[in-house]
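This is what each chain is made of:
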Amino acid sequence: MTALRRHRKLSAIWSSEPGFRGWFSSVNHSDLGRMFLVTAFFFFLVGGVLAMLIRAQLATPHSAFADAGAFAQFFTMHGTIMMFLFAIPTFEGLAIYLLPKMLGTRDLAFPRLTAYGYWCYAFGGSMLLVALVFGIAPDGGWFMYPPLTGPLHSPGINTDFWLIGITFVEISAICAAVELCVSILKYRAPGMSLDKMPIFAWYALVTALMILTGFPPLILGSVLLELERAFGLPFFQADLGGDSLLWQHLFWLFGHPEVYIIFLPAAGVISTIIPVMARTTLLGYGWIVASAVALAFLSFGLWVHHMFTTGIPLMGLAFFSAASTLVAVPTGVQVFAWIGTLWKGRPEMHLPMLHIFGFFFTFVIGGLTGVMVAVVPFDWQAHDTAFITAHLHYVLFGGFVFPILAGIYYWLPLVSGRKRFFRLGEVAFALIFLGFHGTFLAMHWVGLMGQRRRIETYDAETGWGAINLISSISSFIMAIGLAMVLIDVLIHAFVAVRGGRNPWKAGTLEWASMSPPPAYNFASLPHVTSRDAFHGDPGLANRLAKGEGYLGDPQSARRETLTVDIATGDPDFMVIYPGNTRLPILMAAVTGLFFLSILIKLYWLTPLALAGVAALALVWVWRLGARTDAGPQDAGRGVTLALAGETEKSPGWWGSVFLLVANATFFGSLLFGYAFLWTVAPGWPPQDWLAPSLVELGIGGAAALTSALAMRLAIRGNRHRARPLPGLAFALTATLVTAVTFAMLLSRVPPPDGHAYAATLFVLGSYALCHALIAGLMLAFAIARARRGYTSPARQAEFHIVSLWTDYLAVIATLSLLAAHLPGFLA
Amino acid sequence: MKDVLRILLAPLLWLASFSATYGLHGIGCALGWPEIALWGASVFRVALLTAWLVAILIQVAILIVLHSDRFRAASAFTQWASLATAWVGLVAVLWTVYPVAVITACGGNG
Ligand code: HEM
Ligand SMILES: [Cu+2]
């Protein structure tokens, strides 16, 4: 087969539907990565316009441009859009687009999940846009502190838009994070052991893990606050045993890691670009990996430093002050590794490099002001002034926007297959750089003079007028610069001349595919023997196109790729992907219906929407699998592999593991909230505890454990005698008993709107009930699959997935029951 | 996965002990432990110092175990990276939990 025929054949198998119809049914990571990026930049524009409105209002004293209400919507939506709808999705888009190419494979682990995540993001973001257009956007500041955002102080729908829209968007972040973890760990070219992974993959892995553990506390907080607003469960109301500090804890448990979730991918871009621009290899690869991991963990120990002014005991403050100073170390290690890399190489001044220098300069200043803010007494001074806002932009714009601009200019030739010819980008950089520093140096300055953040107007006597005017004019200069980048990119994408492969002479594998890359990325998969696979081997691209790698022989109309052992990178299984489908967008729409029904209080629709999601999920998984054993498959180069469905630890199993990590964080945060309210909130202990019942405790716990054990029996029965059904039926019964116990528990909980204790129990019980029902649904599904012949001793993957969920049920059911009954026994 | 866990283990345990100590501090304050004397200090101080000590011992144990022939990683890179993060864990425990030794118990900051 010639390279051209192979290309035609693979294209026919992998292509999305032509034209705009393809947007709705594509599951291809290149398509979806681009859609993510375009949407994210659209939101960057919206957030930028809001920033311009803010600066226009603050340019002069006594400005009558916007009233207090509109101004509050401006800054809240600016912050919210930039953090949730621009920064995080930009990371997701970049990672989704690039990673399979960098890792030398054909797609991400769960193509349909990529699409589902994208549509959740698009729909959730649109909800917030609608709110903005109709002037009913959230206005409580981007961290939404109650009681300001509680039912008493903001009765309108504004806050609900935030809580519901952002939670919807976070589903997409969780989906992307699960997918990226599994893809990076399992979906790599053969031979790519952990130490040969491109550095960007390490950063993306760490970031994805942080999303899985950082977002659940915020999701929980949003759920609790929405429950308080909609049904009066008093989690944050001091007179009924709640505490608004709980929100601050949950928010910053997410919020501080969020800063690093934004920074780490940018650092990954920097670590990728610098060695290429300096014509050398990255200095201290292992050090960088270790410090990215260290940074990720340390950042979770910092949340309280945003609450220094809330009257937390001194010792608590000291913990977090100490931890805050410690993060400087791994950050410093990375910065020195970058400088060292530049030092040892011969840096060339291309456009991406300009933005990297913009990053260095800005980020270092941001770090210095950050140390100032981390010192507790200074924070009491500067708290809530424009100094803080200015600092935060040095970190966020310096640490994210500059590196991302560098990344755009670096990868643009890959995406478009073209060459830049105007020098627009350099001018744009100059405007952005000068405009940025003008804007925010001035804001540091008025901040020190005492201008508070989030004020919509100020008196002429304060003497802040001139400085604010400088800041506003500079911000318009920056906006012009950013608009020029946009024009530059558009010109590039549509009219520039075609360029050759690998213009920067980079060593990572994404440059070994055609540019623009075909839907299947690589006609055959490489065998990787070094970190810069493409450096010493310029002929690699041609050999891959000629089918000399793995899976170079497209026989049937299957989308094939393979997975590898996590540590060594030896190929272990072959994967067959599902094809184009509209199921993801449909499921995202029904998920949206669920959120919408809560937003506009159409509660009869809520259970229907949930049932719809469950039904679609069943269709989703039912379409996979086969009714006969396929046996070993030829993967090329003398390697035969089993199909992933004929293993114990299939991709779906790994996906469940990571999803459960996020889920367990959610549950852990709930237990934390329970303990926190108990020990800190006023109005505890509550008047009456749930009447404890040994019977309920015993039956519920035993049933949940039984279901986990019975699932194991089912797996053994399947393996030895091809008879999974008795075990499955047993497990299903036990799960249903668990569900009934929790339903009874819920019926006995004291009225949840009376005290935060009862409210917490109500949520805890509902969570467990919900998981019992999910496990029940999965077991019923497994039974149906077994009866229809979709399973066999070899085709066992689905049972192992269900087993994970019954195990999880056993753990959380036991813990929930203990948390519910023990206080009553002790009292 | 074992190799990834090896790299993540020490900082993970740091996070756990850090949060646990902070939680213990909250519980101690709520239950009035600083007022109960024990061995020339208060129950509060003794409990927190013990927690710190345990946290340090855990980190030291990880370091030793990672060095041992039985548990060392197969690849040089993973071995190196896991030792590096193990040191991070130890330093982080020493540095971020040391306030239990020096700062007054439950006083607010006004
Ligand atoms: C495009 C250039 C930008 C300009 C001119 C700008 C300007 C501003 C201004 C003037 C405020 C202060 C509102 C006030 O307190 O009175 C603000 C707040 C904020 N900005 Fe930006 N910003 C820009 C980009 C970004 C980016 C890229 C991010 C994040 C990735 C970001 C995140 C935030 C956040 C979180 C707030 C706080 C919102 C709140 O107080 O609730 N901004 N911005
Ligand atoms: Cu922070």
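Residues numbered from 1 in each chain as written. Chains lettered and ligands numbered in written order. Predicted model: local features only at pLDDT ≥ 70, side-chain atom pairs only at ≥ 80, totals over all residues. Heavy atoms only, no water.

J.: Outline the overall build of chain A, listing residues and values.
T.: Within chain A one finds 24 helices and four strands. Taking 2.2 N^0.38 as the reference for a compact globule, 827 residues should give roughly 28 Å; the C-alpha atoms of chain A span a radius of gyration of 27 Å, in line with that estimate. Taken along the three principal axes of its C-alpha coordinates, chain A extends 85 × 80 × 45 Å. Every one of the 827 residues in chain A was classed for burial, and the buried ones make up 63%. A total of about 29,400 Å² of accessible surface is found on chain A, and carbon and sulfur atoms cover 70% of it. Taking the average place of the 48 positive charges on the side chains of chain A and the average place of its 41 negative ones, the gap between the two points comes to 14 Å. (Helix = DSSP H or I, 4+ residues; strand = E, 2+ residues; numbered from the N terminus. Rg over C-alpha atoms; globule rule 2.2 N^0.38 Å. Buried < 20%, exposed > 50% of the residue type's maximum accessible area, 1.4 Å probe, protein only. Areas by Shrake-Rupley, 256 points an atom, 1.4 Å probe, with all protein chains shown as cover. Lys, Arg positive; Asp, Glu negative; His and termini not counted. Charge placed at Lys NZ, Arg CZ, Asp CG, Glu CD.)

J.: Hey, could you go over the overall build of chain B for me, with residue numbers and the actual values?
T.: Scanning chain B from terminus to terminus reveals four helices and two strands. For chain B, the sequential pattern of α-helices and β-strands runs α-β-β-α-α-α. For chain B, whose C-alpha radius of gyration is 17 Å, the value lies well above the compact-globule estimate of 13 Å for 110 residues. The principal-axis extent of the C-alpha atoms belonging to chain B is close to 50 × 30 × 20 Å. Counting over 110 residues, chain B shows a buried share of 42%. Considering only residue pairs separated by 6 or more positions, chain B has 71% of its internal contacts joining residues 24 or more positions apart. Accessible surface computed for chain B: about 5,500 Å², of which carbon and sulfur atoms make up 75%. (Contact = heavy atoms within 4.5 Å.)

J.: Any details on the interface of chain A and chain B? Residues and values, ideally.
T.: Facing the 40 residues of chain A at the interface are 36 residues of chain B. In this structure, the connection of chain A to chain B is made through zero salt bridges. Applying the counting rule to chain A against chain B returns zero residue pairs in polar contact (both at pLDDT 80 or more). Breaking the side of chain A that touches chain B down by element, the ones donating at least two residues are helix 7 (199-231), helix 9 (285-300), helix 10 (314-326) and helix 20 (651-680) of chain A. Looking at the side of chain A that touches chain B element by element, the count peaks at 11 residues for helix 10 of chain A. Residues that form the side of chain A that touches chain B fall into these classes: 32 nonpolar, seven polar and one charged. (Salt bridge = Lys/Arg side-chain N within 4 Å of Asp/Glu carboxyl O. Polar contact = N/O pair within 3.5 Å; in protein donor to acceptor, adjacent residues only side chain to side chain. Nonpolar A, V, L, I, M, F, W, Y, C, P; charged D, E, K, R; others polar.)

J.: Give a description of unusual backbone geometry that names residues and reports values.
T.: Residues and elements named next belong to chain A. Cis geometry is adopted by the peptide bond preceding Pro516, which originates at Ser515 and carries an omega value of -5°. Tracing the chain through its elements places Pro516 in the loop between helix 16 (465-495) and helix 17 (540-545). Backbone geometry at His62 places phi at a positive 50°, although glycine is not the residue there. Locating His62 in the fold gives a position in the loop between helix 3 (29-58) and helix 4 (68-102).

J.: Outline the environment of Ile62(B), listing residues and values.
T.: Residue and element names in this part refer to chain B. Of note, Ile62 is situated in helix 2 (residues 43-67). Of the residues examined, Ile62 reaches a relative accessible area of 10% and is grouped as buried. Apart from the residues within four sequence positions on either side, Ile62 is in contact with Leu9, Ala10, Leu13 and Ala86.

J.: Now, about the pairing of strand 2 (residues 571-577) of chain A: what can you tell me, with residues and values included?
T.: All names here are of chain A. Judged from the six bridges that link them, strand 1 (residues 559-564) and strand 2 form a sheet pairing that is antiparallel. Counted as the bridge partner of Thr563 is Phe573 from strand 2. In this antiparallel pair of consecutive strands, strand 1 and strand 2, the connection spans six residues, and Gly569 shows a positive phi of 80°. Sheet topology places strand 2 next to strand 4 (residues 640-643); two bridges connect them, and they run parallel. (Pairing = 2+ DSSP bridges.)

J.: How would you explain helix 21 (residues 694-721) of chain A if you had to name every residue and give the values?
T.: Spanning 28 residues, helix 21 of chain A covers 39 Å between terminal C-alpha atoms, matching the ideal 40 Å at 1.5 Å per step. Ala722(A) lies just past helix 21 of chain A and shows a positive phi near 55°. (Expected span 1.5 Å × (residues − 1).)

J.: Break down the site of ligand 1 for me, citing the residues and quoting the values.
T.: All names here are of chain A. Contacts to ligand 1 come from 22 residues, most closely from His78, Trp142, His393, Arg453 and Arg454. Here a nitrogen atom of ligand 1 and a side-chain polar atom of His78 are 2.8 Å apart. Residue Trp142 places a main-chain N or O atom 2.8 Å away from an oxygen atom belonging to ligand 1. Looking at the shell around ligand 1, its residues break down into 14 nonpolar, five polar and three charged. (Near = heavy atom within 4 Å.)

J.: So what about helix 23 (residues 756-787) of chain A? Which residues, and what values?
T.: In this model, helix 23 of chain A (32 residues) spans 46 Å end to end at C-alpha, consistent with the 46 Å of a helix rising 1.5 Å per residue. Where helix 23 of chain A terminates, the next one or two residues include Gly789(A), which has phi positive at roughly 80°.

J.: Tell me what's going on with the pattern of salt bridges, and back it up with residues and numbers.
T.: Residues and elements named next belong to chain A. A complete count under the given rule lists 14 salt bridges over all chains for this structure. Arg21 serves as the salt-bridge partner of Glu17, at 2.9 Å between the closest nitrogen and oxygen. A salt bridge links Asp572 to Lys186, with the nearest nitrogen and oxygen atoms 2.8 Å apart. Separated by 386 residues along the polypeptide, Asp572 in strand 2 and Lys186 in helix 6 (residues 158-186) bring together distant segments of the chain. Given the relative accessible area of 7%, Lys186 is considered buried.

J.: Account for the sheet that holds strand 4 of chain A, with residues named and values stated.
T.: Residue and element names in this part refer to chain A. Pairing is mixed across the open sheet formed by four strands, whose spatial order is 1-2-4-3. The strands lining the two open edges of the sheet, one partner per strand, are strand 1 and strand 3 (633-634). Relative to strand 4, strand 3 runs antiparallel, the two sharing two bridges. Directly across from Gln633, in strand 4, lies its bridge partner Leu641.

J.: Which residues make up the domain arrangement of chain A, and what values do they have?
T.: Residues and elements named next belong to chain A. For chain A, the assigned domains are domain 1 (3-12 + 29-67 + 74-495) and domain 2 (685-826). Averaged C-alpha coordinates put domain 1 and domain 2 at centres separated by 38 Å. Each side of the interface is counted separately: domain 1 has 10 residues, and domain 2 has nine residues. Overall, the association of domain 1 and domain 2 removes approximately 630 Å² of surface from exposure, summing both partners, and the carbon and sulfur fraction of that is 76%. Broken down residue by residue, the surface that domain 1 buries against domain 2 is led by Leu233, Phe235 and Leu240, which jointly contribute 56%. At the surface where domain 1 touches domain 2, the tally comes to zero salt bridges. For the pair domain 1 and domain 2, the interface holds one residue pair in polar contact (both at pLDDT 80 or more). Its residues assigned to classes, the side of domain 1 that touches domain 2 shows seven nonpolar, three polar and no charged. (Domains from an automatic or database assignment. Buried area = accessible area lost by both parts, 1.4 Å probe.)

J.: How would you explain the side chain of Glu646(A) if you had to name every residue and give the values?
T.: Residues and elements named next belong to chain A. Tracing the backbone through its elements, the reader meets Glu646 in the loop between strand 4 and helix 20. A polar contact is formed between the side chain of Glu646 and the backbone nitrogen of Ala630, at a distance of 2.8 Å. Once you skip the residues sitting within four places of it in the chain, Glu646 turns out to touch Thr628, Asp629, Ala630, Gly631, Ala794 and Arg795.

J.: Any details on the side chain of Arg795(A)? Residues and values, ideally.
T.: All names here are of chain A. Its place among the elements puts Arg795 in the loop between helix 23 and helix 24 (797-826). Since its relative accessible area comes to 10%, Arg795 is described here as buried. Among the polar contacts listed, one links the side chain of Arg795 to the side chain of Asp629, at a separation of 2.6 Å. With near-sequence residues (within four places) excluded, Arg795 lies in contact with Ala626, Arg627, Thr628, Asp629, Gly645, Glu646, Gly789 and Tyr790.

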